[in-house]
Amino acid sequence: MADAESEEPRRCAISRPSRGSVRPADYLDACRETPLRFVGNDPILHSADNHIHLCHLIAVREDHGWIDTAYMTAFVNWVFDRWRARLKGFSPYSSQGYRLYLYQDFAPTISVVAETPQGFPYPGAPFFVDSPARIMALYADFRLSDAFGRAALRDAHILQAVERHRGSIGKPTAQARGMQVGELRRAIEWWGVQREVNTIRKRHARRPAKFRNDHEMPFTFKVFEARLPAKY
């Protein structure tokens, strides 16, 4: 498939823009304009290229009290509205169409795939809901600081600690962030910085650490699906 945009996708990079304090409006713009591509005919690979864990949206609520479930739902709708317009520039628009997803994971996650014979791309036992609000309501009371402590509110802090301890993700690094080892590993996965952590480990002659893959979905999860027919 030929793509209207050839830039290599920033895989999940915009889900963790924590190098400084990023404004919600800037994060929204980054999500709306993230590079998209559709290579091959496997929708799980499309999703791998075109998904965003909305970690930062959840994290910044603790600094911006006005961010509530209604705003988070509107945030997703604004992104999807922009994607619908941009998707007309890709080859699946005229022959296949697309599927937009908002699904329950360690953070609410948005993605888009082309329509393929496989159809629904994700494993597990999905429970379909009728609106994005039903997904975002699951995170209404979730606080990142409750799950991992204030130390995990910025992924850059985690990477700095791993670097400072020469690639270790064991007890000394976890304690430096005020966490247990298991909490540190979950925070690394939550922010999606597994690749960066393993790059640091390689630089310090350590073996790659095994983390949960982006698409090892929970067995049961809620998902909103919007199908866009060809030439919509």
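Just above, that's the structure.
Structural notes, computed from the coordinates. (Residues numbered from 1 in each chain as written. Predicted model: local features only at pLDDT ≥ 70, side-chain atom pairs only at ≥ 80, totals over all residues. Heavy atoms only, no water.)

1. Some points on unusual backbone geometry
Using the following cut-off: The numbering of helices and of strands both runs from the N terminus, where a helix is a DSSP run of H or I of at least 4 residues and a strand a run of E of at least 2. Partly exposed residues are those whose accessible area sits between 20% and 50% of the maximum for their type, while under 20% is buried and over 50% is exposed, using a 1.4 Å probe and protein chains only.
Even without a glycine there, the phi angle at A205 is positive, about 60°. With respect to the secondary-structure elements, A205 resides in the loop between α11 (194-203) and β5 (220-229). One non-glycine residue with positive phi stands out, namely K231, at about 60°. Topologically, K231 is positioned in the segment after β5. Residue class for K231 comes out exposed when judged on its relative accessible area of 59%.

2. Thoughts on the nonpolar core
Test applied: The term nonpolar core refers to a set of buried residues drawn from Ala, Val, Leu, Ile, Met, Phe, Trp, Tyr and Cys, joined through side-chain atoms within 4.5 Å. Residue contacts follow a heavy-atom distance rule, with two residues in contact if any of their heavy atoms lie within 4.5 Å.
Core analysis: the biggest nonpolar cluster contains 55 residues, and L54, L57, F75, W83, L87 and I110 have the highest contact counts within it. In terms of residue count, the dominant contributor to this core is helix α4 (residues 69-86) (seven residues). Here F75 is in contact with P24, Y27, L28, C31, L54 and L57, once residues within four sequence places are set aside. Ranked by size, the runner-up nonpolar core spans eight residues in total, among them Y103, Y122, F221 and V223.

3. Some points on α4
Put simply, the test is: To estimate the expected span of a helix, subtract one from its residue number and multiply by 1.5 Å.
Compared with the 26 Å implied by 1.5 Å per residue over 18 residues, the 26 Å span of α4 between its first and last C-alpha is a close match. All of the buried residues in α4 are Y71, M72, T73, F75, V76, V79, F80, W83 and R86.

4. Overview of the pairing of strand β3 (residues 109-114)
A regular strand places its side chains so that they alternate between the two faces of the sheet. Cut-off, in case you're wondering: Between any two strands, at least two bridges found by DSSP are needed for them to pair.
In terms of residue burial, β3 counts as a mostly covered element, since six of its six residues are buried. Taking every second residue as pointing to the same face, both faces of β3 are buried, with T109, S111 and V113 on one and I110, V112 and A114 on the other. Pairing analysis gives six bridges linking strand β2 (residues 97-103) to β3, with the strands arranged antiparallel. Within β3, the residue paired with R99 across the bridge is V113. Between β2 and the antiparallel strand that follows it, β3, lie five residues.

These figures come from the coordinates and say nothing about function on their own.
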